[in-house]
Amino acid sequence: MCGLREPLKARHARYASFLDANGEPLDSGLLLYFPAPASYTGDDVVELQAHGSPVLLRALLERVMGLGARPALPGEFTRRAVENGKMNLEQAEAVVACIDAATLRAARQAQRHLQGEFGKKISGLMDVLTGLVAHVEACLDFPEEDIPGLFFDQLRTRLADELLQPIDALLATSDFGERLFQGVTVAIVGAPNVGKSTLLNLLSGRDRAIISPQPGTTRDVLEVDFELHGIPVRLIDTAGLRESADNIEQEGIKRARAAAGTADLVIAMADASNPETWDPGVEADCYVMNKIDLVNSNVDFPAMYHLISAHAGDGIDILIDSLAFRLGDIPAAEEGLLITSSRHRQQIVLARNHLLNGAELLGDSVSMDMAAMEWRRAWSSMGEILGLGDVEHILDRVFSEFCIGK
Ligand SMILES: Nc1nc2c(ncn2[C@@H]2O[C@H](COP(=O)(O)OP(=O)(O)OP(=O)(O)O)[C@@H](O)[C@H]2O)c(=O)[nH]1
Ligand SMILES: [Mg+2]
């Protein structure tokens, strides 16, 4: 269909005409040939790059299908790459993480996984474990009295230093790592007119909510997405909490309480110029006293409050830092490799449990056998992260999250 006279040269762009079934040109464009195994999937791959006309692209696709091609299934390219050993399962998941990343910070972390950094860390731990299991198994053939007590101490020390310690350090990153990809919800609640909507507009940099001096302006739950230190945040503005005879406002207040109940982080706001609002009346993670521009600087506010002026922008940077801190933010320079998915965390927790079970069994030769078995299970639990072992069911789940063409 491309009317080529010379054979394609590997990894070279060739300008060509794309012909229809009658040999008439449909479009012209570039042709790239990636012979196996040096392609994304590890199979032979030919890429056609045509111009953007949707009608011509559709005709070109139909022609290609007519010649025997078929559309790829969701994630099929990446699945083939895994099956051909071009990448491990964890890297394949990083492809989706890269595509879905809501912020540059998340995308950068996903890139590190895609480059294989996380996989290397996991296989490093698995190698240590293989060494320990070999040690235990080597002892099984010896009578107990021939195994010096020191041997078990050494084994326990190595387990603690070379496995449990790095595993715990890794697990400590998962709260933040998972938040970086799933995002968090932050709800602003408080009495009417304290400045909740003003803060939402200020933090998100958008004129999203109506602001007015009239108490009870916001009646519905409003949401706006923004980045806080590279963490994707869904910020929720709510109706001011008060006794109200108005049905619509009552419903808004009910929704405000529900939003606060499900948010990852709740900001309770008060108005510095109105002491009646100073008792927040709700459990919150962060207490903010707004409108400090309206009061004398020597007023004593309850100590839990962050003082801000959403109007003048005072105290906002400190508030942002404090929110980021509460979300587990790590200074960019210290951000290492993070656990970014609950699947990986669960596998690592499983592995850790098997390691501890095994450690308790170290002793006589019968239980040593069981200890070795527990540690082999720990190895398999970590291996499943990389897609090792019997993981067909995991593959189906992972690749169903891909879009077509990836
Ligand atoms: N002086 C001053 N006024 C502010 C500040 N923040 C908000 N306001 C004013 O306070 C009034 C109420 O602000 P909103 O943001 O609508 O308050 P709200 O808490 O969303 O009110 P409801 O939606 O009624 O619950 C508006 O007139 C704002 O301009 C501030 O820091 N200083
Ligand atoms: Mg409002």
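K.L.:
Any chance you could explain the overall build of the protein chain here in plain terms?
P.N.:
On a plain count of helices and strands, the protein chain comes out with 13 helices and 9 strands. Relative to its length of 406 residues, the protein chain is extended, with a C-alpha radius of gyration of 29 Å against a globular reference of 22 Å. Its C-alpha atoms give the protein chain principal-axis dimensions of roughly 85 × 75 × 40 Å. Looking at the protein chain as a whole, 32% of its 406 residues qualify as buried. Residue pairs at least 24 apart in sequence account for 56% of intrachain contacts in the protein chain once pairs closer than 6 positions are excluded.

K.L.:
Where do I start with the site of ligand 1 in this structure?
P.N.:
Surrounding ligand 1, one finds 23 residues, the nearest of these being Gly-195, Ser-197, Thr-218, Gly-240 and His-311. It is helix 8 (residues 196–204) that provides the largest number of residues to the shell around ligand 1, a total of 3 residues. Counted by class, the shell around ligand 1 contains 8 nonpolar, 12 polar and 3 charged residues.

K.L.:
Hey, could you run me through the domain arrangement of the protein chain in this one?
P.N.:
We note that the domain assignment places domain 1 (14–70), domain 2 (89–173 + 339–400) and domain 3 (180–333) within the protein chain. Placing a centre on the C-alpha atoms of domain 1 and another on those of domain 2 gives a separation of 44 Å.

K.L.:
For this particular structure, what's the right way to read the sheet that holds strand 4 (residues 184–190)?
P.N.:
Backbone hydrogen bonds are what pair the strands of a sheet, in a parallel or an antiparallel way. Read across the sheet, 6 strands follow the order 5-6-4-7-8-9 without closing on themselves; strand pairing throughout is mixed. Only two strands of the sheet have a single partner each, and these edge strands are strand 5 (222–228) and strand 9 (305–307). Across this sheet, the average inter-strand angle for adjacent strands is 30 degrees, counted without regard to direction. In the packing of helix 8 onto the sheet, the strands contacted are strand 4, strand 5, strand 6 (231–237), strand 7 (265–271) and strand 8 (286–290), and the crossing angle to strand 6 comes to about 155 degrees.

K.L.:
Looking at this structure, I do not really get the pairing of strand 5. What am I missing?
P.N.:
Side-chain positions along a regular strand alternate between the two faces of the sheet. Summarising the sheet, strand 5 and strand 6 pair through 7 bridges and their orientation is antiparallel. For Val-224, the partnering residue across the bridge sits in strand 6 and is Leu-235.

K.L.:
Looking at this structure, how should I read the nonpolar core?
P.N.:
Most often, soluble globular proteins keep nonpolar side chains buried together rather than apart. Residues Val-186, Ala-187 and Met-382 are the most contacted members of the largest nonpolar core, which totals 83 residues. Looking at which element gives the most residues to this core, the answer is helix 12 (residues 365–386), with 9 residues. Counting residues domain by domain, this core receives three or more from each of domain 2 (89–173 + 339–400) and domain 3 (180–333). The contact partners of Met-382, leaving out residues within four places of it in the chain, are Ile-122, Leu-125, Met-126, Gln-347, Ile-348 and Ala-351.

K.L.:
Quick question: what am I supposed to make of the packing of helix 3 (residues 89–100) against helix 4 (residues 104–114) here?
P.N.:
Angle between the axes and distance between the axes: these two values describe a pair of packed helices. Packing of helix 3 against helix 4 leaves a shortest axis separation of 8 Å and a crossing angle of 160 degrees. The orientation of helix 3 with respect to helix 4, classified from their angle, is roughly antiparallel. For helix 3 against helix 4, the interelement crossing comes out left-handed. From helix 3, Glu-90, Gln-91, Ala-94, Val-95, Ala-97 and Cys-98 reach across to helix 4, where they touch Ala-107, Ala-110, Gln-111, His-113 and Leu-114.

K.L.:
Sorry, what's going on with unusual backbone geometry here?
P.N.:
Outside of glycine, negative phi angles account for most residues, and trans bonds account for most peptide bonds. In the segment running from Ala-36 into Pro-37, the intervening peptide bond is cis, with an omega of 0 degrees. Structurally, Pro-37 is set in the loop between strand 2 (25–34) and strand 3 (45–49). Even without glycine at this site, Asn-193 takes up a positive phi of about 70 degrees. Secondary-structure assignment places Asn-193 in the loop between strand 4 and helix 8. Of note in this structure, His-229 is not a glycine but carries a positive phi near 50 degrees. Here His-229 shows up in the loop between strand 5 and strand 6.

K.L.:
Quick question: what am I supposed to make of the pairing of strand 4 here?
P.N.:
By the criterion of burial, strand 4 is predominantly enclosed, with 6 of the 7 residues buried. Here 5 bridges tie strand 4 to strand 6, and the two strands are oriented parallel to one another. Following the sheet pairing, Val-184 is matched in strand 6 by Val-233.

K.L.:
Honestly, the sheet that holds strand 3 in this entry has me stumped. Any pointers?
P.N.:
Taken together, 3 strands build an open sheet; the order of strands is 1-2-3 and the sheet is antiparallel. Two strands in the sheet have a free side with no partner beyond their single neighbour: strand 1 (14–19) and strand 3. On average, each strand axis in the sheet is inclined to that of its neighbour by 40 degrees, with strand direction left out of account. Across 5 bridges, strand 2 lies against strand 3 in antiparallel orientation. Within strand 3, the residue paired with Phe-34 across the bridge is Val-45. Packed on one face of the sheet, helix 1 (residues 54–66) meets strand 1 and strand 2 and runs near 60 degrees to strand 2.

The rules behind the values
- Residues numbered from 1 in each chain as written.
- Chains lettered and ligands numbered in written order.
- Predicted model: local features only at pLDDT ≥ 70, side-chain atom pairs only at ≥ 80, totals over all residues.
- Helix = DSSP H or I, 4+ residues; strand = E, 2+ residues; numbered from the N terminus.
- Rg over C-alpha atoms; globule rule 2.2 N^0.38 Å.
- Buried ≥ 20, exposed ≤ 12 C-beta atoms within 10 Å, placed from the backbone.
- Contact = placed C-beta atoms within 7 Å.
- Near = placed C-beta within 6 Å.
- Nonpolar A, V, L, I, M, F, W, Y, C, P; charged D, E, K, R; others polar.
- Domains from an automatic or database assignment.
- Pairing = 2+ DSSP bridges.
- Axes fitted to C-alpha atoms, helices over the stretch in contact; angles between N-to-C directions.
- Core = buried A, V, L, I, M, F, W, Y, C linked by C-beta atoms within 7 Å.
- Parallel < 35°, antiparallel > 145°, perpendicular 65-115°, else oblique.
- Left-handed = near helix turned anticlockwise from the far one by under 90°.

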